[in-house]
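Spelled out from the first residue to the last, the chains are:
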Amino acid sequence: MSGRIIDGTALARRIRQEVKEQVDAFRRDAGRVPGLAVVLVGDDPASQVYVRTKERACGEVGIRSQRHHLPGDATQKEVLELVEGLGKDDTVDGILVQLPLPRGLDPQPILHAVPPAKDVDGFHPYNLGRLTESGEGIHPCTAAGVMELIRSTGVEIEGKRAVVIGRSTIVGKPTALLLLHANATVTVCHSRTADLAAHVREADIVVAAVGRPRFVRGDWIKPGAVVIDVGINRLDDGKLCGDVDFEGAKDVAGYITPVPGGVGPMTVAMLMRNTLAAARARG
Ligand code: NDP
């Protein structure tokens, strides 16, 4: 039997609709609309596409987005001053610094300059600390999207073995923490993991966030497992594919996300949700 394909596009659409209704209510109560400031440095084509997608989603749900585009040779000081200024701007509820930043810029001090209350990406150490401590605070969007996708299957997370492949601060670590708070037994794998396939074969839930096309093979997947593919890889023919060999895995998995149409749209929907939550918290 073929595993069920989790439709991230449809789930994200439903969440955006919910956010839209809540934004309407916020506007009536607070007399203003939530505002998201997007900081884009340089001309990386993929980043420009992501920023446009996020701006389009803002327009759809009624969040006012403002783009701050600096040239690729902007200095650390210029970017920091911009972010600090947005931090003090009352019309801005959320600040998103589009990553990766051009070479020569150190992302950490820039991300740390975003006030935690406006940190809608959830990358500030304060929010990462709250996530570690209690699972509260603003959650990084992709990790939050992964959890929604798993929950959408109806599969109980508690007590399950989850394997997260990848340990970045953006995806792997926060996803592992959210799974841990949901009472899964979590293993985090990375480039130094010995016998990755053996870990994956034990997993009831697999989250792949590696950045290597079709890296996770179908014969690694435990029959019936929930497989969430975070990877976005562009192939030579221009097509996108994930970190999981979808064709090989889809007949073994119980549920699997496609690429595109899985985690990607959920990341954007979670950004909308985080921005609304930040606006509500500021009143
Ligand atoms: P990073 O490059 O920061 O992290 C990749 C992780 O994969 C690292 O922890 C690395 O291990 C691990 N890794 C690399 N090679 C192997 C290997 N051979 N075996 C096991 N683990 C390995 O990437 P990100 O976390 O930022 O992103 C991962 C993927 O997700 C990318 O394809 C990215 O484009 C995509 N992405 C998708 C998003 C979405 O919305 N759908 C959002 C963000 C990212 P080590 O730490 O040891 O180096």
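As a reminder, the structure under discussion sits directly above these lines.
Let us look at the structure shown here. Remember, predicted model here, so these are calculated numbers, not experimental data. (Residues numbered from 1 in each chain as written. Predicted model: local features only at pLDDT ≥ 70, side-chain atom pairs only at ≥ 80, totals over all residues. Heavy atoms only, no water.)

Examining the pairing of strand S8 (residues 226-229)
Consecutive side chains along a regular strand alternate between the two faces of the sheet.
Right, on to step 1. Across the two faces of S8 the burial is the same, with Val226 and Ile228 and Val227 and Asp229 all buried.
Right, on to step 2. The pairing of strand S7 (residues 205-208) with S8 spans four bridges and is parallel. Note that in S8 the partner of isoleucine 205 across the bridge is valine 226.
Right, on to step 3. As paired strands, S8 and strand S11 (residues 255-256) are joined by two bridges and run parallel to one another. Bridging across to S11, valine 227 finds its partner in isoleucine 256. (Buried < 20%, exposed > 50% of the residue type's maximum accessible area, 1.4 Å probe, protein only. Helix = DSSP H or I, 4+ residues; strand = E, 2+ residues; numbered from the N terminus. Pairing = 2+ DSSP bridges.)

Focus: the pairing of strand S5 (residues 161-165)
Right, on to step 1. For S5, the tally of buried residues reaches four of five residues, placing the bulk of the element in the interior.
Right, on to step 2. Note: S5 against strand S6 (residues 185-189), five bridges, orientation parallel. Pairing of alanine 162 across the sheet is with valine 186, part of S6.
Right, on to step 3. Where S5 lies against S7, four bridges are found, and the strand directions are parallel. The residue bridging isoleucine 165 from the neighbouring strand is alanine 208, located in S7.

Re the packing of helix H2 (residues 45-61) against helix H10 (residues 263-282)
Right, on to step 1. Two elements in contact, H2 and H10, have axes whose closest approach is 10 Å; the angle formed by their N-to-C orientations is 50°. The angle between H2 and H10 places the two elements in the oblique class. Crossing hand, H2 versus H10: right-handed. In this structure, H2 uses Thr53, Lys54, Ala57, Cys58 and Val61 to contact H10, whose residues at the interface are Val268, Leu271 and Met272.
Right, on to step 2. Its residues assigned to classes, the contact of H2 with H10 comprises six nonpolar, one polar and one charged. (Axes fitted to C-alpha atoms, helices over the stretch in contact; angles between N-to-C directions. Parallel < 35°, antiparallel > 145°, perpendicular 65-115°, else oblique. Left-handed = near helix turned anticlockwise from the far one by under 90°. Contact = heavy atoms within 4.5 Å. Nonpolar A, V, L, I, M, F, W, Y, C, P; charged D, E, K, R; others polar.)

Side note on empty space enclosed by the protein
Right, on to step 1. Enumeration according to the criterion identifies one cavity of 30 Å³ or more in this entry.
Right, on to step 2. Computed from the structure, the largest cavity encloses a volume of approximately 50 Å³.
Right, on to step 3. The wall of the largest cavity is formed by Ile95, Leu96, Val97, Leu111, Val114, Asp119, Asp121 and Phe123.
Right, on to step 4. The greatest single-element share of the lining of the largest cavity, amounting to three residues, is contributed by strand S4 (residues 94-97).
Right, on to step 5. Along the lines of polarity and charge, the residues of the lining of the largest cavity split into six nonpolar, no polar and two charged. (1 Å grid on protein atoms, 1.4 Å probe; cavity = no way out; pocket = protein on both sides within 12 Å on 5 of 7 lines; lining within 4 Å. Points joined across faces, edges and corners; volume = space filled by probe spheres on them.)

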